[in-house]
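Chain by chain, the residues run as shown.
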Amino acid sequence: MKVRGVRGAITVEENTAAAVKDATRELLSRMMELNDIAVEDICFILFSATADIDAAYPASAAREMGLDMVPLLDVGQMAVQNGLRMCIRILMVFNTEKDHRDIKHVYLRGARVLRPDLIYSVAIDGPAGAGKSTVARIIADKLNLTYVDTGAMYRAITLKALEKGASRTAEIINIAEESSIEIKKGRIYLDGRDVTEEIRKPSVDQKVSKVACIPQVRQRLVKLQRKMAENYGVVMDGRDIGTTVLPDAKYKFYLTADIKVRAKRRYDEMLKKGIKTDLKKVEEELAERDRQDRERECSPLTVAEDAVIIDTTDKTPEEVVEEILSHIKRREKNVL
Ligand SMILES: Nc1ncnc2c1ncn2[C@@H]1O[C@H](COP(=O)(O)OP(=O)(O)O)[C@@H](O)[C@H]1O
Ligand SMILES: Nc1ccn([C@H]2C[C@H](O)[C@@H](COP(=O)(O)OP(=O)(O)O)O2)c(=O)n1
């Protein structure tokens, strides 16, 4: 195994022991989770804090998290004119098989400004079957960003509504407001339960556009989506990402494809999963979903003015990925 380092930083709003420990815990957990770091693989961790933080040692939070056998050291960050205030920085050195390009450095809250070259957002919108999630996943991996499938969040609420037999709008709004939805390593958790596979059921397909039409459901999910993008760099796909969720996303793409091709892709996907269906029926359902997504009043599917439009009808996923990366490479120096 090799020895590699991962950097992270986070800001705190107040100089209290609770704020310092909370922030340190959040940053450390995220660095370990994103880089698959086990406690026994950590060689040592260095913490620095700016001079305006003196309520607690960041390392004490690490010890409380069970890292008490890992050598930990707190140091003062050197003061630089106009430097970021109230900031905790971490350097963790660990054993890994990963290439140094695959290490995900983590800059949370106000500390995002330290590395705008690493932390930025890519919005990918378009109709069902255009290939959004296929390419978004690959791009996130290549750019070391986190993939957020917003459709999966609408699907999770729909699944819960179906399970509870909730059909009235007020009940569905309640479900959206009370449920916890998390996305970790490409899996989606609804109230702590992994529902990644279940949300792809045909019964969810049929109801999800209706649920996504409810403004209060959208408000709640959009808030969660913005929070995710605030905390880390994301590749986010959906219908309204470039227009509503992240209008300031650094990069915006709109993928589209002929409806017949999109229907065939969905049909093949269902066959692979062992779901027997009829191509004509898949096409009709897709057309109906397109209609509902485009015609709804609240954040309908539209092309953001500044989005790059890519027609994927005659392109392979690899070609689409290349095209997207070629746009991003023009402005990002860290993209290989
Ligand atoms: N460019 C492409 N060419 C051929 N098949 C594709 C392409 N992009 C995606 N697919 C396939 O089409 C299906 C739908 O793609 P997906 O990424 O889920 O679309 P979306 O997220 O836009 O609904 C998947 O089975 C995927 O493997
Ligand atoms: N940001 C989003 C994402 C999805 N939706 C809606 C639109 C779709 O009908 C459903 C499901 O989205 P999803 O991307 O999972 O659907 P497909 O995989 O494209 O079939 O949710 C939305 O309204 N806004």
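Use the structure listed above.
Residues numbered from 1 in each chain as written. Chains lettered and ligands numbered in written order. Predicted model: local features only at pLDDT ≥ 70, side-chain atom pairs only at ≥ 80, totals over all residues. Heavy atoms only, no water.

**Observations concerning the packing of aromatic side chains**
How we decide: Stacked, edge-to-face and tilted labels apply to pairs of Phe, Tyr and Trp rings (six-membered ring for Trp) whose centres lie within 6.5 Å, assigned for plane angles under 30 degrees, over 60, and everything in between, in that order. A helix here means a DSSP run of H or I that spans at least four residues, while a strand means a run of E at least two residues long, and both kinds are numbered starting from the N terminus. When the NZ atom of lysine or the CZ atom of arginine is within 6 Å of a ring's centre and also within 35 degrees of its normal, the charge is said to sit over that ring.
Evaluation of the coordinates by the stated rule reveals one aromatic pair. Here the aromatic rings of Tyr120 and Tyr251 are separated by 5.7 Å at their centres, their planes lie at 70°, and the arrangement is edge-to-face. With a gap of 131 residues between them, Tyr120 in the loop between strand 5 (106-107) and strand 6 (122-125) and Tyr251 in strand 12 (residues 251-256) connect regions that are remote in the sequence. Looking at Lys184, its charged tip hangs above the ring of Tyr189, at a distance of 5.5 Å from the centre. Taking NZ or CZ as reference, Lys250 lies 5.3 Å from the ring centre of Tyr120, over its face.

**Here we look at the site of ligand 2**
The line we're drawing: For this purpose, a residue is taken to be near a molecule or strand whenever a single non-hydrogen atom of the residue falls within 4 Å of it. By the criterion applied in these results, polar contacts are pairs of N or O atoms within 3.5 Å in which, for protein atoms, one can donate a hydrogen and the other can accept it, and in which residues neighboring in sequence qualify only through two side-chain atoms. Throughout, the Shrake-Rupley method with a 1.4 Å probe supplies accessible areas, and for residues the shown protein chains are the sole cover considered. Every definition here rests on a 1 Å grid over the protein atoms only: cavities are sets of points where a 1.4 Å probe fits but cannot get out, pockets are open sets enclosed by protein on both sides within 12 Å along at least five of seven lines, and lining residues have some atom within 4 Å of a point. Should more than half of a molecule's atoms lie within 2 Å of a pocket's or cavity's grid points, that molecule is taken to sit in it.
In the neighbourhood of ligand 2, 19 residues make up the surrounding shell, with Arg155, Arg218, Asp240, Arg266 and Arg289 lying closest. With respect to ligand 2, the side chain of Arg239 contributes an N or O atom lying 3.1 Å from an oxygen atom. One of the side-chain N or O atoms of Arg266 is found 2.7 Å from an oxygen atom in ligand 2. For ligand 2, the protein covers 97% of the area, taking 520 Å² as the surface of the free molecule. Here ligand 2 occupies the largest pocket. Counting residues per element, the ones that place at least two in the shell around ligand 2 are helix 4 (150-164), helix 6 (202-212) and helix 10 (279-295). With four residues, helix 4 is the largest single contributor of residues to the shell around ligand 2.

**Quick word on the pairing of strand 6**
To be explicit about the condition: In this scheme, a residue with accessible area under 20% of its type's maximum is buried, one over 50% is exposed, and one in between is partly exposed, where area comes from a 1.4 Å probe on protein chains only. By definition, two strands form a pair when at least two bridges between them are found by DSSP.
Side chains of strand 6 alternate between two faces, with Val122 and Ile124 and Ala123 and Asp125 buried alike. When strand 6 meets strand 11 (residues 234-238), the two strands line up parallel, connected through four bridges. Counterpart to Ile124 in the pairing with strand 11 is Asp237. Bridge analysis of strand 6 against strand 12 gives four bridges, and the strand direction is parallel. Note on strand 12: the bridge partner recorded for Ile124 is Phe253.

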